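A look at the structure
Chain by chain, the residues run as shown.
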Amino acid sequence: MNHQDTAAALLPLLGGAGNVRTVGHCMTRLRVTVADRALVRGAELRALPGVLGVVEDGESWQIVLGPGTVARVAPELERLVTARGSTADVLAERGAALRERRRARNATPGKLFLRRLAQIFVPLIPALVGCGVIAGAAGLLANLRWLPALVPALSAIASGFMSLIAVFVGYRTAKEFGGTPVLGGAVAAVIVHPGVAHVTVFGRQLAPGQGGVLGALGAALLGTVVEKACRRVVPEALDVLVTPFLTVLLPGLVTLYGLMFVAGEVSAAIGRCAEWLLANGGAVAGFALGGLFLPLVMLGLHQALIPIHTTLIAERGSTVLLPLLAMAGAGQVGAALAVYVRLARDVSVRRVIRSALPAALLGIGEPLIYGVSLPLGRPFATACVGGAFGGAFVGLCHQLGYSVGATAIGPSGWALFPLLAGNHGPVRAVVVYGAGLAVGYGVGFVATYAFGVRGPGPEDVTPRRPPVPPLP
């Protein structure tokens, strides 16, 4: 069930549009105030798919939808409740239409493949975030020389998942592409086994973990192909024995004598390329990455960056690209604030911005993109300008020797602060990243205020009232 369907299903259970007084949300809960609590069907609310819990507090109902989801459902529900013809309704309809057209454009084989790649890594993000925060805490304690006996324990906890991430990637890859997940994990596990150090390929000894997530991805994909071929040709009586045997053996040999070496070289090249790019053209590279990320999201091409981020984290401990890309969200926030100020008399649009802004500050920008900036048009472009200048600032700092990286993917905006790492310690990394956000906010605001909104309001979307006839 998508977010529009969820909002449409919630509304009648809350007693309809006439019974809903206010709609708001926090990080996880949709907060609705109703006129008559007797009209609310609480049992059906709790049974609705996607609803994690319901809390009743007099005329206020708190519907637990989870982080991310609630920020998307709330604007949709508010759109259904608000009277037809308001600017926010028109913008929401435009945003929905733009979203549908984007989905249609993204239904190409290449983009569908990228989407499936993203689905491999998305379930791993909670573990990446948790281990990243623990790694950051361990680094901070080590720099401050506090609790020295605890630092090795924290480091071990943070590194445990990363040392076996190839297994999880192999498991998820096989599951996503129609193979047996545990066989995909078994093939990928070869990469991290200490025994590979005794294998020589092209005159060089392999190292445990060589190839990382890219090697695990390739090994599991190959294992899925072999497994499907075996299912077609192996007799059913022998399938339970022969298919697992060949699915692990053949891709395992190819992984050892080809994939690990090739993927290892590719992984190392990605790291070297990222470092060279920022060290030699940091400001220019940051400007391009920060300015183009929102359009990449619109085209669905940002999903290709997920394996790159994961590879950089596995190879170097952090991804230097994510803080640059996060500046796009800062530009979006600045643009939304400018629209909020310029459209001082448009209550409906300002309500949408107030609802979506807390999530946007934490890096969840879709409600603002599809509810405000993209339907209006020019604020989307000026948001990209803000992101470009924020990215240029962070890139310039890297070029000057103050690099900033993220130890996990997923969070952005303010939520990325606990996951930052840098070559001069976490404190300076926080300062550089925070200053970059400030630049993105400021430039996004100024560009949108000056060029992103026409006149006192969006004349192309605000409905005009008919003139009042003169008194006789």
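All chains use their own residue numbering, which begins from 1 and follows the written sequence. With pLDDT at 70 or above as the cut-off, local features in this predicted model cover only qualifying residues; side-chain atom pairs require 80 or more to be listed or tallied, and sums for whole chains, interfaces and linings still use all residues. Calculated side-chain values reflect all of the structure's heavy atoms, with hydrogen atoms and water omitted.

1. Here we look at the overall build of the protein
Using the following cut-off: A run of H or I in DSSP becomes a helix once it reaches four residues, and a run of E becomes a strand once it reaches two; helices and strands are each numbered from the N terminus. Each residue gets one of three labels from its accessible area relative to the maximum for its type: buried under 20%, exposed over 50%, partly exposed in between, using a 1.4 Å probe on protein chains only. Whether two residues touch is decided by their heavy atoms; if any such pair falls within 4.5 Å, the residues are in contact. The Shrake-Rupley method, run with a 1.4 Å probe sphere, supplies the accessible areas, and residue values consider only the shown protein chains as cover.
Helices and strands together make up the secondary structure of the protein, namely 18 helices and eight strands. Across the 472 residues that make up the protein, the buried fraction comes to 48%. If you take every contact in the protein between residues at least 6 apart in sequence, the share linking residues at least 24 apart comes to 71%. Put simply, the protein shows about 21,700 Å² of open surface, and 67% of that area lies on carbon and sulfur atoms.

2. Notes on the environment of Leu80
Along the chain, Leu80 turns up in helix 3 (residues 69-81). C-alpha of Leu80 to C-alpha of Ala8: the two residues are 72 residues apart in sequence and 7.6 Å apart in space. Aside from chain neighbours lying at most four places away, what touches Leu80 is Ala7, Ala8, Leu11 and Ala17.

3. Some details on the packing of aromatic side chains
Basically, it comes down to this: Under the pairing criterion, centres of Phe, Tyr and Trp rings, with the six-membered ring standing for Trp, must be within 6.5 Å; the plane angle then separates stacked pairs below 30 degrees from edge-to-face pairs above 60, leaving the rest tilted.
Counting across every chain of the model gives five aromatic pairs. A centroid spacing of 5.0 Å and a plane angle of 65 degrees characterise the contact between Phe202 and Phe261, whose relative ring orientation is edge-to-face. Taken together, the residues Phe202 in the loop between strand 5 (200-201) and strand 6 (204-205) and Phe261 in helix 11 (residues 236-299) connect sequence positions 59 residues apart. Centroid distance Phe445 to Tyr449: 5.9 Å. Interplanar angle 15 degrees. Geometry classified as stacked.

4. Here we look at the nonpolar core
This is how it is decided: What we call a nonpolar core is a set of buried Ala, Val, Leu, Ile, Met, Phe, Trp, Tyr and Cys residues that are connected through their side-chain atoms within 4.5 Å.
Counting 68 residues, the largest nonpolar core has Val169, Val339, Ile353, Leu368, Leu416 and Tyr433 as its most contacted members. Among the elements that make up this core, the one with the highest residue count is helix 15 (residues 347-361) (seven residues). Among the nonpolar cores identified, the runner-up in size contains 23 residues, and Ala7, Leu10, Val32 and Val54 belong to it.

5. Description of the pairing of strand 4 (residues 60-64)
Two faces belong to every sheet, and in a regular strand the side chains alternate between them. Spelled out, the test is: Any two strands with at least two DSSP bridges between them are considered paired.
Taken across its five residues, strand 4 has four buried, putting it largely inside the fold. Alignment of strand 2 (residues 29-34) against strand 4, held across five bridges, turns out to be antiparallel. Across the sheet, residue Val32 finds its bridge partner in strand 4, namely Trp61. Bridging between strand 3 (residues 53-57) and strand 4 involves five bridges; their strand directions are antiparallel.

6. Some words on the environment of Leu39
Mapping Leu39 onto the fold places it in the loop between strand 2 and helix 2 (42-47). Given a relative accessible area of 44%, Leu39 falls into the partly exposed group. Sequence-wise, Leu39 and Leu13 are 26 residues apart; in three dimensions their C-alpha atoms are separated by 7.9 Å. When near neighbours in sequence (up to four residues on either side) are disregarded, Leu39 contacts Leu13, Leu14, Gly15 and Asn19.

7. Some thoughts on the side chain of Ser355
In this fold, Ser355 is placed in helix 15. For Ser355, the residues in contact, after removing those within four places along its chain, are His25, Ala74, Pro75 and Glu78.

8. Quick look at the pattern of salt bridges
Rules: Salt bridge, as applied in this entry: a Lys or Arg side-chain nitrogen positioned within 4 Å of an Asp or Glu carboxyl oxygen.
One pass over the structure, following the stated rule, counts seven salt bridges. Here Glu227 makes a salt bridge to Arg231, at a shortest N to O gap of 2.9 Å. With Glu227 and Arg231 both in helix 10 (residues 212-233), this residue pair falls four residues apart, about one helical turn. The partly exposed category is assigned to Arg231, whose relative accessible area is 39%. For the salt bridge of Arg231 with Asp239, the shortest nitrogen-to-oxygen distance reads 2.5 Å. Residue Asp239 is classed as buried on the basis of its relative accessible area of 18%. Salt bridges linked by common partners bring Glu227, Arg231 and Asp239 together as one network.

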